[in-house]
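Overview (structure and organization)
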Amino acid sequence: MTRSNFFLFSMICRACYHPRTSLYSNNFVFFWCWTLQLSMAESGDYPLYSCRNCRNPLAFHSDLLSKAFKAKSGQAYMFSHVMNIVLGQKEDKKMITGMYTVAGIFCSNCGRDLGWKYVRAFDPSQRFKEGNFIVEKLKLLKEY
């Protein structure tokens, strides 16, 4: 993919409500929020979950919804919000609890596959998962 395939745009960060920069292409969306990265150490919201590979901050403990999910590598966590990720293409997948439209999530720093985002749940009883993120536990580092 060449640099000319990307489009730069700004939007409001869901976590800190400051403008964040986004880089968009046909296949991926890169998000980063400078204000949030600068204030993370001062937030007092610990533990902080980071990428195990490069220690890129991914989520606050307050964003953790559940530890009762399963992924390819074993246990996984559900978060309401993650940051510093790349969102992959949407695809329909059959999972244990039904059919979903999901998008892979990748670390924005090292590119490691972290898990997925639930975009759409076809089963009405599973709609609570929509918009949430599943991150594999083995790919997270819990920092205090």
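Calculation notes
Residues numbered from 1 in each chain as written. Predicted model: local features only at pLDDT ≥ 70, side-chain atom pairs only at ≥ 80, totals over all residues. Heavy atoms only, no water. Pairing = 2+ DSSP bridges. Helix = DSSP H or I, 4+ residues; strand = E, 2+ residues; numbered from the N terminus. Axes fitted to C-alpha atoms, helices over the stretch in contact; angles between N-to-C directions. Salt bridge = Lys/Arg side-chain N within 4 Å of Asp/Glu carboxyl O. pLDDT = per-residue confidence, 0-100. Contact = heavy atoms within 4.5 Å. Patch = residues over 30% accessible without salt bridge, like charges linked within 9 Å, V, L, I, M, F, W, Y side chains within 5 Å. Areas by Shrake-Rupley, 256 points an atom, 1.4 Å probe, with all protein chains shown as cover. Lys, Arg positive; Asp, Glu negative; His and termini not counted. Charge placed at Lys NZ, Arg CZ, Asp CG, Glu CD. Phe/Tyr/Trp six-rings, centres within 6.5 Å; stacked < 30°, edge-to-face > 60°. Core = buried A, V, L, I, M, F, W, Y, C linked by side-chain atoms within 4.5 Å. Buried < 20%, exposed > 50% of the residue type's maximum accessible area, 1.4 Å probe, protein only. Disulfide = S-S within 2.5 Å.

The strand order across the open sheet built from three strands is 5-4-12, with neighbouring strands paired in antiparallel fashion. Here the strands that pair on one side only, and so sit at the sheet edges, are strand 5 (57–60) and strand 12 (140–143). Put simply, the sheet's adjacent strands are angled 30° from each other on average, direction ignored.

It is worth spelling out the pattern of salt bridges at this point. Within this structure, the stated rule accounts for four salt bridges. With a closest N to O distance of 3.3 Å, Arg127 and Glu130 form a salt bridge.

Keep in mind that low pLDDT regions are not for reading the predicted coordinates in detail. Mean pLDDT over the protein chain stands at 78; residues scoring 70 or higher make up 69%. Low pLDDT, under 50, characterises residues 1–32; the stretch is placed with 73 contacts to residues that sit more than four places away or in other chains.

Attention now moves to a positive patch on the surface. Judged by side-chain charge, Arg52, Lys67, Lys137 and Lys142 come together as a positively charged surface patch. Secondary-structure assignment places Lys137 in the loop between strand 11 (133–136) and strand 12.

Centre-to-centre distance and the angle between the planes together describe a pair of aromatic rings. Taken as a whole and judged by the stated rule, the model has five aromatic pairs. Aromatic rings pair up to connect Tyr49, Tyr77 and Phe79 into one cluster.

This paragraph deals with the nonpolar core. Counting residues in each nonpolar core, the largest one holds 17 residues, and the members touching the most others are Phe79 and Leu114. Contributions of two or more residues to this core are made by strand 4 (48–51), strand 5, strand 7 (74–79), strand 8 (85–95), strand 9 (98–107) and strand 11. Tallying contributions element by element places strand 9 first for this core, with three residues. In this view, Phe79 contacts Tyr49, Ala59, Phe60, Asp63, Leu64, Leu65, Asn132, Phe133, Val135 and Leu140; residues no more than four positions away in its chain are not counted.

This brings us to the side chain of Asp63. Take Asp63: it is sitting in the loop between strand 5 and strand 6 (64–71). Here Asp63 is in contact with Met78, Phe79, Ser80 and His81, once residues within four sequence places are set aside.

Turning next to the state of the cysteines. As enumerated under the stated definition, the model contains zero disulfides in all. Left without a disulfide partner, Cys54 is nearest to the cysteine sulfur of Cys107, which lies 3.5 Å away. Classification of Cys54 by relative accessible area gives partly exposed; the value is 24%.

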